[in-house]
Every structure is written in C-alpha cells, then in structure tokens.
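One-letter residues, chain by chain:
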Amino acid sequence: MIETLPHDDTAEQAALGCALASKAVLREVADLVTPADFYSPIHEQIFAAALKLDSQGRAVDPVTVAAMMEAEKVKGFDRLYLAELVGGVSVAANGAHYAGIVADKAIRRRLVEVATAIAQQAGSGRDTADVAEDARAKLDQLTAGYRSESVTFADVLPSVIDSIEQGASAGDATGWKDLDAMLYGWQPGSLYVLGARPGVGKSIIGLQAASYMWEAHGKATYFASLEMTRAELVTR
C-alpha cells in the first residue's frame, strides 16, 4: 500500500523558481509539464498563474504572480514564498531538468491511480475481458499523455545519419528487396497499412510477409483475419 504518492517537492520548487526567473525557461517548463502535474496544490496554482500572465503578454515574476493570485483570491500562499522560490535558483537554465522530474513523478502518481482502479475492477463481478479492456484503455490513455523532452531536427539528424551509415537502422527484411529499400525492413514498434480494392491479393501479401518472418528470421508471427476462416487461410 502506497501511503504517499510519488512526488518531489524540491524539484517542483526548483522548476517554479527557474520559470519565475525567466520567461524563456517558463516556456521550456511549460513544454514538459502542466499545472496539474504539480503535486502541491499551491505549486499548481503558482504555475497556472505564471502561464496565464505569459499568455496575456505580461511580465512574469514573483510580484506579478502574487498579484494575479491575490486577484483570483487564491488561499494558502504568501509573497515571501514566491521570492524564496526564485532566490533558491542558482542556474535558471536548469528549469527543464527539474520539470522533467516533476513530469516523471506525475506519471508515476497516475500509474498508481490507474493500478488502484484496475485492482478495484478486478475484484468486482465484471466480465474479465471487459476489465482487461478497460485496463488497457486506461494505460494507453496515460502513456499517450506522457510528455517527452522536445528536441530540434538538427539535434536528431547526426545520430540518424550515423545509424543509417552503420546499418543499425535496418529492421527485419520483408522478403521484397524493393520494399526493403524504401522501409529499411520491418521496424520494431511500427505500424504498416496495406490498402487496395478487394480481390487483388492483400491477404496473400500479408501471409507471405508473416511466413517470411518466421522462416527467415525465426520469429513467431500472429496473423488475424476478419474475412477468411482458418481453413481458408491455411489453404492459401
């Protein structure tokens, strides 16, 4: 039983301090976290106020944030705390690093919440398949909301070129040389869609790709069809 949900007060304070010290850093932090990602309610309100000021094109600092929070009648904060947040920052440029920690803790808290909900449903009288489907949907929704650190095209390009030159980007051969030249083979984690009108051989191509995967690469392959029976698939 987890009594205290995952969080890091120090990282939250550091991220806020950096954000209040520089508008550029505030926007970097905003790329990684939302107000709801902060565990402390007061930290959530501080960050929300800072974002609102920035969206209005106004200055963002302890004074303006305090004024915004007072105008909105937010309780439980004082001006001195806002000043202490900025005063505790040594290098404002580290804001994205601290925000990454805040984001990670937020994901972990949501994982705990989802796990708790799944455990409750598993102990209910609901159909097992329905419980499993709900669990998958909840986890998919959670991971879809996960924010990774933003990078530029220039940051990624050198490593991609090196990978291609060294052949590391090549996936599993498809069995068709022309297709391999375009796709670099089947890539792990990728989804490929083959579209064509009925009766032109889509199922045959799919079966050939699947059979080549286990024959050439020794990998188990799952093939599902909503149109043909098992006997028809095996016959083909």
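Everything discussed here concerns the structure shown above.
Residue numbers here run from 1 along each chain, matching the order of that chain's written sequence. pLDDT decides what is reported in this predicted model: residues at 70 or higher carry local features, side-chain atom pairs at 80 or more are listed and counted, and totals for whole chains, interfaces and linings draw on all residues regardless. Just so you know, side-chain values use all the structure's heavy atoms and leave hydrogens and water out.

A short note on the overall build of the protein
We count a stretch as a helix when DSSP gives it H or I for four or more residues in a row; a strand needs E for two or more, and each element gets its number in order from the N terminus. When you go through the protein residue by residue, the secondary structure sums to eleven helices and zero strands. Secondary structure elements of the protein occur, N-terminal to C-terminal, as α-α-α-α-α-α-α-α-α-α-α. Restricting the calculation to C-alpha atoms gives the radius of gyration, and the globule rule supplies 2.2 Å times the number of residues raised to the power 0.38. The C-alpha radius of gyration computed for the protein amounts to 26 Å, which surpasses the reference 18 Å derived for 236 residues by more than 25%, pointing to a less compact arrangement than a globule. Viewed in the frame of its principal axes, the protein has a C-alpha envelope of about 75 × 55 × 35 Å. Remark: exposure states derive from per-residue accessible area (1.4 Å probe, protein chains only) relative to the maximum for the residue type, with buried under 20%, exposed over 50%, and partly exposed in between. The buried share of the protein, reckoned over its 236 residues, is 26%. Residue pairs at least 24 apart in sequence account for 60% of intrachain contacts in the protein once pairs closer than 6 positions are excluded. The Shrake-Rupley method, run with a 1.4 Å probe, gives the accessible areas here. Residue values count only the displayed protein chains as cover. Working note: accessible area of the protein is about 15,300 Å², and carbon and sulfur atoms make up 56% of it. We call two residues in contact whenever any of their non-hydrogen atoms come within 4.5 Å of each other.

A look at helix 4 (residues 62–71)
Every buried residue belonging to helix 4 is among Thr64, Val65, Ala66, Met68 and Met69, and all of these are buried. On its buried face, helix 4 sits against helix 1 (9–21), helix 3 (41–55) and helix 5 (79–87). If you check the start of helix 4, you find a side-chain oxygen 2.9 Å away from the backbone N of Val63, and it comes from Asp61. What qualifies as a polar contact is a pair of N or O atoms within 3.5 Å, subject to a donor-acceptor requirement within protein and to the restriction that residues adjacent in sequence count only when both atoms come from side chains.

Observations regarding the environment of Glu72
With respect to the helices, strands and loops of the structure, Glu72 is situated in the loop between helix 4 and helix 5. In this structure Glu72 comes out as partly exposed when scored by relative accessible area, which is 39%. Considering only alpha carbons, one finds Glu72 and Ala49, 23 residues apart in sequence, at a separation of 9.3 Å. A polar side-chain atom of Glu72 sits 2.7 Å from a polar atom in the side chain of Lys52.

Considering the layout of surface pockets
Detection works on a 1 Å grid of protein atoms alone, calling trapped sets that fit a 1.4 Å probe cavities and calling open sets with protein on both sides within 12 Å along at least five of seven lines pockets, with lining residues defined by an atom within 4 Å of a point. Grid points are joined across faces, edges and corners, and a volume is the space filled by probe spheres set on the points. Considering only enclosed or pocket space, the largest pocket measures out at about 890 Å³ in volume. For the largest pocket, the lining is made up of 23 residues, of which Trp186, Tyr192, Gly206, Ala209 and Phe223 are closest to its centre. Split into classes, the residues belonging to the lining of the largest pocket amount to 15 nonpolar, six polar and two charged. When residues are sorted by character, Ala, Val, Leu, Ile, Met, Phe, Trp, Tyr, Cys and Pro go into the nonpolar class, Asp, Glu, Lys and Arg into the charged class, and all the rest, Gly among them, into the polar class.

Some words on the nonpolar core
Nonpolar cores are built from buried Ala, Val, Leu, Ile, Met, Phe, Trp, Tyr and Cys residues. Side-chain atoms within 4.5 Å join them into one set. In terms of nonpolar packing, the biggest core is built from 30 residues, with Leu20, Val33, Ile46, Val65, Met69 and Leu82 touching the most fellow members. For this core, the secondary structure elements donating two or more residues are helix 1, helix 2 (23–30), helix 3, helix 4, helix 5 and helix 6 (95–122). Among residues more than four places away in sequence, those in contact with Leu20 are Ile46, Ala50, Val60, Asp61, Pro62, Val65, Leu82, Leu85 and Val86.

Side note on the packing of helix 1 against helix 3
Here an angle of 0 to 180 degrees is reported between the N-to-C directions of two axes, which are lines fitted to C-alpha atoms, with helices fitted over the stretch in contact. Look at helix 1 against helix 3: their axes get within 11 Å of each other, and the N-to-C directions meet at 20°. One way to sum up the angle between helix 1 and helix 3 is to call them roughly parallel. Crossing angle aside, the handedness with which helix 1 passes helix 3 is left-handed. Side by side, helix 1 and helix 3 meet where Asp9, Glu12, Gln13, Leu16 and Leu20 of the first sit next to His43, Ile46, Phe47 and Ala50 of the second. Of the residues in the contact of helix 1 with helix 3, the class split is five nonpolar, two polar and two charged. Angle categories are assigned with fixed cut-offs, so that under 35 degrees is roughly parallel, over 145 is roughly antiparallel, 65 to 115 is roughly perpendicular, and the rest are oblique. The handedness criterion is simple: a crossing whose near helix is rotated anticlockwise from the far helix by less than a right angle is left-handed, and one whose near helix is rotated clockwise is right-handed.

Some remarks on the side chain of Asp37
Secondary-structure assignment places Asp37 in the loop between helix 2 and helix 3. Within the structure, the side chain of Asp37 is placed 2.5 Å from the side chain of Arg110, a separation counted as a polar contact. When neighbours within four sequence positions are excluded, Asp37 is seen to be in contact with Glu12, Leu32, Val102, Ala106, Arg109 and Arg110.

Some points on unusual backbone geometry
Of note, the phi angle at Lys73 is positive, near 55°, even though the residue is not glycine. One can find Lys73 in the loop between helix 4 and helix 5. On the basis of relative accessibility, which here comes to 69%, the residue Lys73 falls in the exposed class. Despite not being glycine, Tyr184 has its phi angle at roughly 60°, a positive value. By the element assignment, Tyr184 lies in the loop between helix 9 (177–183) and helix 10 (202–217). The partly exposed category is assigned to Tyr184, whose relative accessible area is 41%.

Take it as geometry only, folks, not as evidence of what the structure does.
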